[in-house]
Each structure stands twice: as structure tokens, then as C-alpha cells.
Amino acid sequence: MEDLQEKINKFKEIINNSKNIVFFGGAGVSTESGIPDFRSKDGLYNQIYKYPPEEILSHTFFINHTKEFYEFYRDKMNSLKYEPNITHLKLAELESNGQIKAVITQNIDGLHQKAGSKNVLELHGSVLRNYCMNCNKFYTGEAVFKGSNIPKCTCGGIIKPDVVLYEEGLDDDTVFKAINAIANADVLIIAGTSLTVYPASGLINYYRGNKLILINKDKTAYDDRANLVINDALGNVFGSI
Ligand SMILES: [Zn+2]
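Cut-offs and rules
Residues numbered from 1 in each chain as written. Predicted model: local features only at pLDDT ≥ 70, side-chain atom pairs only at ≥ 80, totals over all residues. Heavy atoms only, no water. Donors = N, O, S within 2.8 Å, 3.2 Å for Na, K, Ca; no water. Tetrahedral: all angles 85-135°; square planar, octahedral: opposite > 155°, others 65-115°. Buried < 20%, exposed > 50% of the residue type's maximum accessible area, 1.4 Å probe, protein only. Phe/Tyr/Trp six-rings, centres within 6.5 Å; stacked < 30°, edge-to-face > 60°. Helix = DSSP H or I, 4+ residues; strand = E, 2+ residues; numbered from the N terminus. Lys NZ or Arg CZ within 6 Å of the ring centre and 35° of its normal. Pairing = 2+ DSSP bridges. Axes fitted to C-alpha atoms, helices over the stretch in contact; angles between N-to-C directions.

Undergrad: Report on the coordination of the zinc ion, specifying residues and quantitative values.
TA: Bound to the zinc ion on the protein side are Cys 132 (SG), Cys 135 (SG), Cys 153 (SG) and Cys 155 (SG), at distances that span 2.2 to 2.4 Å. Taken together, the four donor atoms coordinating the zinc ion span angles of 102 to 119° at the metal, a pattern that classifies the geometry as tetrahedral. In primary-sequence terms, the residues that donate to the zinc ion follow C-x2-C-x17-C-x1-C. In this structure Cys 132 comes out as buried when scored by relative accessible area, which is 2%. A relative accessible area of 42% means that Cys 135 is categorised as partly exposed.

Undergrad: Could you give an account of the packing of aromatic side chains, with specific residues and numbers?
TA: Applying the stated criterion across every chain, the model contains 10 aromatic pairs. Ring centres 5.6 Å apart and planes at 80° place the aromatic pair Phe 11 and Phe 238 in the edge-to-face group. Here Phe 238 lies in helix α11 (residues 234–238) and Phe 11 lies in helix α1 (residues 4–16), a separation of 227 residues in the sequence. Every member of this aromatic cluster is reached through a ring pair, and the members are Phe 62, Phe 69, Tyr 70, Tyr 73 and Phe 145. The ring of Phe 62 is capped by Lys 160, whose NZ or CZ atom sits 5.5 Å from the centre of that ring.

Undergrad: Could you give me a rundown of the sheet that holds strand β8 (residues 212–215), with the residues and numbers involved?
TA: Taking strand neighbours across the sheet as the criterion, the six strands line up as β3-β2-β1-β7-β8-β9 in an open arrangement whose pairing is parallel. The strands lining the two open edges of the sheet, one partner per strand, are β3 (120–122) and β9 (228–230). Mean inter-strand twist for the sheet, computed between neighbouring axes without regard to direction, equals 15°. The sheet contact formed by strand β2 (residues 100–105) and β3 spans three bridges and is parallel. Directly across from Thr 105, in β3, lies its bridge partner Glu 122.

Don't take any of this as a statement about function, it's just geometry.
Structural data, given as C-alpha cells:
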């Protein structure tokens, strides 16, 4: 059993020797910025609301109860006030150095872009992009989070966040790019996810290399498949490289 410092040294060594790293991150990447993890014990999905969050964040609910959807959405999903943490910043730095080729994320908060990352593949969409359901006109996150009514387009259509709701499929193009990046990666870092959420578990099967690194506070079902497992806070790990 290696100690934590040895593992972090090994991590640094692998990072420093690669120019083709792909990062795959889950909710744990953003929790250190203060954004609650949807699925953690005290996260969003266990908070008391009139409807269960899984129901509110579904396509059917959005269509049938748009006003209530937006009450919840503005209250719980507004990530505009949060700032990137050390992990977001280090990833952006590694991309500008030419070492990271893609950041694949399950988060919808836009913090990777805020930190400076360019090639971000957002599997579940982003609260920063919103479109009119009628004419497809683009609206920013600010435009949707401000106010208290259902956000409407200048054409009168309802504006919908470009976020993958329950019952909705992922964007094919984003999934294809994620598969492509993973299949061609030299190093794959998976961090801040227990890998239980679709499609994370399926995507990592495309990795063909021998430098699979898992960083997560708790153990995951994939620990045995990883070449390096670090059970520690992401900020500690990325803060030391
Ligand atoms: Zn419109």
C-alpha cells in the first residue's frame, strides 16, 4: 500500500510526461467551489421541495409546470455566483501548455470555461446556454436567471436551458467527441465521480491506454481497473502539481 504522497508524486510524474491527457470529471470537481453535489447525502436530491428534484428536472415537468421548474431552477441551479477552484484552474493551465486535449464534464455550471479551458465537452449541457423553443435564439445564463417569470424570447417563445433534463437524450455530437478523445488519450484522469451515473461508466470503456488515474474521495467500482487510485480531495491533488 503506497502512501498518499507517493501516489501524488506518481501522478505528477505521469502528468509531466504526457502531452495527450483527457480529463473526465463529475460533481466532485465543482463541490470545492461550493456547488452542491446533486447526489450526495446532503446534496440537491435529498433536499425537501414540493416535488422530488428528479421530477422537477424532467422534460415532462418543464413542459407542464414551466413556472415551477423555473422557481426551482433559479433557486438551486444558478452557478453564476460561483468561482472556479484550483482543479479547474490547473486543468486550464495544463490545456494551455498543450498537455490536456479535452475536459469532459458531467457538470453544467460552466466553471471550466470560466477558468480558461477551451475544449470542454459538457455531456449534460450548460446553464450558460439557453435557447428559444420557438425560434432557437440564444440567451445567456444571466438572461434566464434574472427575473421571476418564465423567461420569454422577443418572439414570445419560451426559453429553455441547454441542459439535459431527465427523459432527454445526450447530444450525439458531444458524446462522439468524448468517445473520440477518450479512445485516443494517452492518460485518462477520472475525478470527482463515483462513475455510477450514465454515461460515465460506458464512456471509460473506450480508453485503451495503461495510464488510467482515478481521483475520488471515496472508493469506486472501477478502482481495480485503474493504474493509479488516489482517494483524496481533488484540491489537494491538483494543488500539489
Ligand atoms: Zn424566439
